[in-house]
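Survey of secondary and tertiary structure
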Amino acid sequence: MLCLLASHSLLVCSTNTNEEGGNERLYELSLAGKYFVSDNSKGSVSLHTTYLNRRSNVDALLTIFLHIYIYIYIYIYIYILTNSCIYL
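Throughout what follows, the structure given in this document is the object of discussion. Every value quoted in this text rests on a predicted model; they were computed, and no experiment measured them.

Counted by the stated rule, this structure contains one aromatic pair. Ring geometry for Tyr-69 versus Tyr-73: centroids 6.5 Å apart, planes at 25 degrees, classification stacked. Highlighted residues: Tyr-69 and Tyr-73, both in helix α4 (residues 55–82), separated by four residues, approximately one helical turn. Tyr-73 shares its class with Tyr-69; the two are exposed.

We now examine unusual backbone geometry. Positive phi, normally seen in glycine, also occurs at Ser-9, with a value near 60 degrees. On the basis of relative accessible area, Ser-9 is assigned to the partly exposed category, the value being 46%.

On to the environment of Cys-13, then. Within the secondary structure layout, Cys-13 lies in strand β1 (residues 11–17). A relative accessible area of 35% means that Cys-13 is categorised as partly exposed. Spatially, the C-alpha atoms of Cys-13 and Leu-2 are 8.7 Å apart, while their sequence positions differ by eleven residues. In contact with Cys-13, other than residues within four places in its own chain, are Ala-6, Arg-25, Leu-26 and Tyr-27.

What counts and what doesn't
Residues numbered from 1 in each chain as written. Predicted model: local features only at pLDDT ≥ 70, side-chain atom pairs only at ≥ 80, totals over all residues. Heavy atoms only, no water. Phe/Tyr/Trp six-rings, centres within 6.5 Å; stacked < 30°, edge-to-face > 60°. Helix = DSSP H or I, 4+ residues; strand = E, 2+ residues; numbered from the N terminus. Buried < 20%, exposed > 50% of the residue type's maximum accessible area, 1.4 Å probe, protein only. Contact = heavy atoms within 4.5 Å.

Shown next as structure tokens:
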């Protein structure tokens, strides 16, 4: 999970050589990651979920899903009528 967050630039990863000679990874919050943290002791993604639940975003997602549903329905209907495969 830490590598995933680092790949999305929410964490910064650095490597360090420990006392036994092995490598260890150290993670710290990036500036973008600090946006989601309410204080130093615990994190929060409440801002992200609040953004996703905005009415305009929900309407946009529903419109996209509706278009996909209609496209699939028409594709299946044409396939049944012609009884042949349609290549897109």
